[in-house]
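Residue-level listing of the chains:
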Amino acid sequence: AGIICPPSVANSRRRELYFGGLLAPTTNEELMRELLTPTCMEMPEYIAEMGPPVQRVSMASNGLYCFVQFQSNEMTDRAYEVFNELDFLGRRLRVGRPQGYTQGTQPPEGAAMNDAMSA
């Protein structure tokens, strides 16, 4: 039997993306927010009344990857499309869904929802 997450936890996971291929130790939480926030604020999915577009950045202790939580499911889908394979500090970002992610809705057409953790 699998573990069933409460709706709030499941929704939280739905709004989270994995960002890998980061340059350690240069990349930190502040730098990730500086990269993501301006672009996310330009997205049609951004709703100012819901707060900042980037809700949380959780860096791995080795600095090679992080998890980012966005303000909405729709913004998360768009961020995946925009930031995956983007050149950042001379490295190509690998963006994907976190391990254990269960898709609640259909992904945007053409979006590959593979497990970036295994890449």
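For the structure itself, consult the block above.
Residues numbered from 1 in each chain as written. Predicted model: local features only at pLDDT ≥ 70, side-chain atom pairs only at ≥ 80, totals over all residues. Heavy atoms only, no water.

The subject of this paragraph is helix H2 (residues 29–42). Owing to its 3.6 residues per turn, the α-helix brings residues three or four apart onto one side. With 14 residues, H2 extends 20 Å between its outermost C-alpha atoms, agreeing within 8% with the 20 Å of an ideal straight helix rising 1.5 Å per residue. Along H2, the sharpest kink reaches roughly 30°, centred on Leu-36 and followed within four residues by the proline Pro-38. Every buried residue belonging to H2 is among Met-32, Leu-35, Leu-36 and Cys-40, and all of these are buried. Those residues of H2 that are buried are in contact with strand E1 (16–20), strand E2 (54–59), strand E3 (65–70), helix H3 (73–83) and strand E4 (87–88). Two or three places before Glu-30, at the opening of H2, Asn-28 has a side-chain oxygen 3.2 Å from that residue's backbone nitrogen. (Helix = DSSP H or I, 4+ residues; strand = E, 2+ residues; numbered from the N terminus. Expected span 1.5 Å × (residues − 1). Bend = angle between axes of the 7 residues up to and from the residue. Buried < 20%, exposed > 50% of the residue type's maximum accessible area, 1.4 Å probe, protein only. Contact = heavy atoms within 4.5 Å. Polar contact = N/O pair within 3.5 Å; in protein donor to acceptor, adjacent residues only side chain to side chain.)

On to the nonpolar core, then. Where a protein is soluble and globular, its nonpolar side chains tend to be buried together. Counting residues in hydrophobic clusters, the biggest one holds 21 residues, and the most contacted among them are Phe-19, Met-32, Leu-36, Val-68, Phe-70 and Phe-83. For this core, the elements supplying multiple residues, two or more each, are E1, H2, E2, E3 and H3. Among all residues touching Val-68, those that are not within four sequence positions of it are Arg-15, Glu-16, Leu-17, Phe-19, Leu-36, Val-54, Arg-56 and Val-57. (Core = buried A, V, L, I, M, F, W, Y, C linked by side-chain atoms within 4.5 Å.)

What follows covers the pairing of E3. Of the pairings in the sheet, the one linking E1 to E3 comprises 5 bridges and is antiparallel in character. When the sheet's bridge partners are listed, Phe-19 is paired in E3 with Cys-66. Pairing geometry for E2 and E3, over 5 bridges, is antiparallel. Within E3, the residue paired with Val-54 across the bridge is Phe-70. (Pairing = 2+ DSSP bridges.)

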